[in-house]
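Below, each chain spelled out in residue letters.
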Amino acid sequence: MPRPASISRRGLLGGGAAAVGLGGAFAVGRASEAAGSSAGSGSVESERYALRGQHQPGIVTPAQDRLHFAAFDVLTEDRDELIDLLRSWTDAAEEMMAGRAVGSGAIGSFDLPPDDTGEALGLPASGLTITFGFGPGLFATTEGEDRFGLADRRPAGLEDLPHFPGDALIEARSGGDLCVQACAQDPQVAVHAIRNLARIGFGTVSVRWSQLGFGRTSTTSTQQETPRNLFGFKDGTDNVKAEEVDALDEHVWIGADDDPDAAWLAGGSFLVARRIAMDIEVWDRQPLGDQEDFVGRAKGTGAPLSGGEEHTAPDFSLAGSDGPIIPTTSHVAVVHPDHHDGVRMLRRGYNFVDGTTDLGALDAGLFFLAYVRDPRTHFTPVQQAMSRHDALMEYLTVTGSAVFAVPPGAGEGEYVGEPLFG
Ligand SMILES: C=CC1=C(C)c2cc3[nH]c(cc4nc(cc5[nH]c(cc1n2)c(C)c5CCC(=O)O)C(CCC(=O)O)=C4C)c(C)c3C=C
Ligand SMILES: [Fe+2]
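Residues numbered from 1 in each chain as written. Chains lettered and ligands numbered in written order. Predicted model: local features only at pLDDT ≥ 70, side-chain atom pairs only at ≥ 80, totals over all residues.

As recorded by an unreviewed UniProt entry, the protein carries the name Deferrochelatase and is attributed to Nocardioides acrostichi. Here the protein is described in UniProt, under the heading Subcellular location (unreviewed entry), as follows: "Cell envelope". Comment text from UniProt for the protein, heading Function (unreviewed entry), reads "Involved in the recovery of exogenous heme iron. Extracts iron from heme while preserving the protoporphyrin ring intact." (UniProt positions renumbered as here; feature names shortened; annotations may be inferred.)

Here it is in structure tokens:
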């Protein structure tokens, strides 16, 4: 999938000006990095986004090509230590998103480990966004222990998802007390972000699981070209887009009155993460007509089987020679908002290939990420219908699952999630 020639500049710092490099002119042995100009203006590498604002970055900002996602277990029992970590993470995220090194940089004293791990030296910000989330375990352990005095502020929607048919969850790939989603146009920049945040958290948190992703499987802006998933279909056509301000308020952002116990979450969202393994080799042996019937759209154009072009609304009532022309068991028919009280989600998933299985098949799939106002109304019923009726399910196995409350953006001088602890 070629990169789109131009993408939205909404939320960009400096209107697309060249990013400040991590040390275009740094000298080995010096503690400070000099600002260096990197890729030319307008290139994806030069994109920079602000950490601070009403909402966290990495939700409606244009989906980048690469992902490193990590879920963490919190090791400390000390509330202040947890707060210190969130403060340090916020500072480091702000630096890295601006294309700068963490702390005093990667090249400091010969006698100390450098603050920054160094692999992003010389690389521009590359559109890096870092998004933080809080898992159910932060509010109470599975035994009900209120570790940090947060239990009475737990959002009602932040509960482990129910078991769905087709789930074969691996415990070690599921859950987590905290999550960090790092997206960038350069995988090295995304990996550098997670690595440095994990390093900062050493002793306070430990990585529970992580997932690399490539080739975004959604669009979050009307300016972006629709990408393809590993089944070869356009994915993200009917996603909620940044330009749909009313739809975002209705389906993605948590309102001030949504949950009186969790007023701190207003302006935030919930993130559902699902690692979905795709049976690529079996899929590849299915005739094109069957593949299109399973999805409900044409493989080439992405148009619904009822006709038109990619963005034409599907007509589920249009008859074919043998029932509706868009089969009722097709993915699009099963998950469409018309069949779920109009609920929509902002999908922000990625393809993944984690090598090969013992049988020599690709260990590949779609790392599904969706931001919703409430998982109980906007995700669970849709997933339930999908698990029960969707023809795609024969080719899918969900191996990891997690849900997080994503706090609103941090204000000037604040750390991400501060209102929760206030
Ligand atoms: C429970 C939510 C969903 C899961 C899980 C999911 C997995 C999944 N989807 C595809 C491929 C496509 N999905 C498409 C559209 C689409 N998918 C969901 C929800 C889930 N998908 C929604 C709500 C929608 C939008 C439906 C609509 O409004 O019409 C499409 C069509 C193109 C598009 O609109 O994005 C494809 C293709 C895979 C392969 C997959 C799991 C691996
Ligand atoms: Fe889908």
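Visitor: Please set out the overall build of the protein residue by residue, giving values where relevant.
Guide: Helices and strands together make up the secondary structure of the protein, namely nine helices and eleven strands. Relative to its length of 422 residues, the protein is compact, with a C-alpha radius of gyration of 22 Å against a globular reference of 22 Å. In terms of principal-axis extent, the alpha carbons of the protein reach across some 75 × 50 × 45 Å. Out of the 422 residues belonging to the protein, those deemed buried represent 48%. (Helix = DSSP H or I, 4+ residues; strand = E, 2+ residues; numbered from the N terminus. Rg over C-alpha atoms; globule rule 2.2 N^0.38 Å. Buried ≥ 20, exposed ≤ 12 C-beta atoms within 10 Å, placed from the backbone.)

Visitor: Give me the lowdown on the packing of helix α1 (residues 79-97) against helix α2 (residues 187-200), citing residues and values where you can.
Guide: Axis separation between α1 and α2 bottoms out at 10 Å; the angle between their running directions is 155°. Classed by the angle they form, the pair α1 and α2 counts as roughly antiparallel. For the pair α1 and α2, the crossing hand works out as right-handed. Facing S88, W89, A92 and M96 of α1, the residues of α2 in contact are A193, N196, L197 and I200. Of the residues contributing to the contact of α1 with α2, the split by class is six nonpolar, two polar and no charged. (Axes fitted to C-alpha atoms, helices over the stretch in contact; angles between N-to-C directions. Parallel < 35°, antiparallel > 145°, perpendicular 65-115°, else oblique. Left-handed = near helix turned anticlockwise from the far one by under 90°. Contact = placed C-beta atoms within 7 Å. Nonpolar A, V, L, I, M, F, W, Y, C, P; charged D, E, K, R; others polar.)

Visitor: Quick one: what's the story with the pairing of strand β9 (residues 350-356), residue by residue and with numbers?
Guide: With two bridges joining them, strand β4 (residues 205-216) and β9 adopt antiparallel strand pairing. For F214, the partnering residue across the bridge sits in β9 and is N351. Pairing of β9 with strand β10 (residues 362-372) involves five bridges; the strand directions are antiparallel. Following the sheet pairing, F352 is matched in β10 by G365. The turn joining β9 and β10, which pair antiparallel and follow one another in sequence, is formed by five residues; a positive phi near 85° is taken by G360. (Pairing = 2+ DSSP bridges.)

Visitor: If you had to explain helix α5 (residues 288-295) to someone new, which residues and values would you point to?
Guide: Those residues of α5 that sit buried are D293, F294 and V295. Structurally, α5 contributes buried residues whose contacts are with α6 (331-335). Count one or two residues on from α5 and you reach G296, which has phi positive near 95°.

Visitor: So, the nonpolar core: which residues are in play, and what are the values?
Guide: Note that soluble globular proteins tend to have their nonpolar side chains buried in a common cluster. L128 and A190 are the most contacted members of the largest nonpolar core, which totals 100 residues. When sequence neighbours within four positions are dropped, the list of residues in contact with A190 reads R66, L67, H68, L128, A182, C183 and A184. (Core = buried A, V, L, I, M, F, W, Y, C linked by C-beta atoms within 7 Å.)

Visitor: Describe in detail the UniProt feature "domain: Dyp-type peroxidase C-terminal" (unreviewed entry) in the protein, supporting the description with residues and values.
Guide: The UniProt record marks residues 226-409 with the feature "domain: Dyp-type peroxidase C-terminal" (unreviewed entry), using the residue numbering of this structure. Summarising residues 226-409: 21% helix, 24% strand, and an end-to-end C-alpha distance of 27 Å.

Visitor: Could you give an account of the UniProt feature "domain: Dyp-type peroxidase N-terminal" (unreviewed entry) in the protein, naming the residues involved and the relevant values?
Guide: In the numbering used here, UniProt assigns the feature "domain: Dyp-type peroxidase N-terminal" (unreviewed entry) to residues 56-214. Here residues 56-214 runs as 21% helix and 20% strand, with 21 Å between its end C-alpha atoms.

Visitor: Give a description of the confidence of the model for the protein that names residues and reports values.
Guide: In the predicted model, the protein carries a mean pLDDT of 90, and 90% of its residues have values of at least 70. In this model residues 1-41 is a low-confidence stretch, pLDDT under 50, and it forms 101 contacts with partners more than four residues away in sequence or in other chains. For this predicted complex, the interface score ipTM comes out at 0.99, alongside a pTM of 0.91. (pLDDT = per-residue confidence, 0-100.)

Visitor: Kindly report on unusual backbone geometry, identifying the contributing residues and their values.
Guide: The phi dihedral of S126 is positive, around 55°, even though this residue is not glycine. Secondary-structure assignment places S126 in the loop between α1 and β2 (129-134). Among the residues examined, S126 registers 29 C-beta atoms within 10 Å and is labelled buried.

Visitor: Account for the environment of L369, naming residues and giving values.
Guide: Note that L369 resides in strand β10. On the basis of neighbour count, L369 is assigned to the buried category, with 28 C-beta atoms found within 10 Å. It is 32 Å that separates the C-alpha atoms of L369 and A106, two residues lying 263 residues apart in sequence. Apart from residues lying up to four places away in sequence, L369 is in contact with L271, A273, R348 and G349.

Visitor: Tell me what's going on with the pairing of β4, and back it up with residues and numbers.
Guide: As paired strands, strand β1 (residues 66-74) and β4 are joined by nine bridges and run antiparallel to one another. Its bridge partner being in β4, D73 is matched across the sheet by S206.

Visitor: So what about the environment of V343? Which residues, and what values?
Guide: Secondary-structure assignment places V343 in the loop between α6 and β8 (346-347). Residue classification places V343 among the partly exposed positions, given that 18 C-beta atoms sit within 10 Å. On a C-alpha basis, the gap between V343 and V60 in space is 17 Å, while along the polypeptide they are 283 residues apart. Excluding anything up to four places from it in sequence, V343 contacts H251, P337, T377 and H378.

Visitor: Any details on the environment of R199? Residues and values, ideally.
Guide: Take R199: it is sitting in helix α2. For R199, a count of 14 C-beta atoms within 10 Å gives the class partly exposed. Separated by 84 residues in the primary sequence, R199 and D115 have C-alpha atoms spaced 9.2 Å apart.

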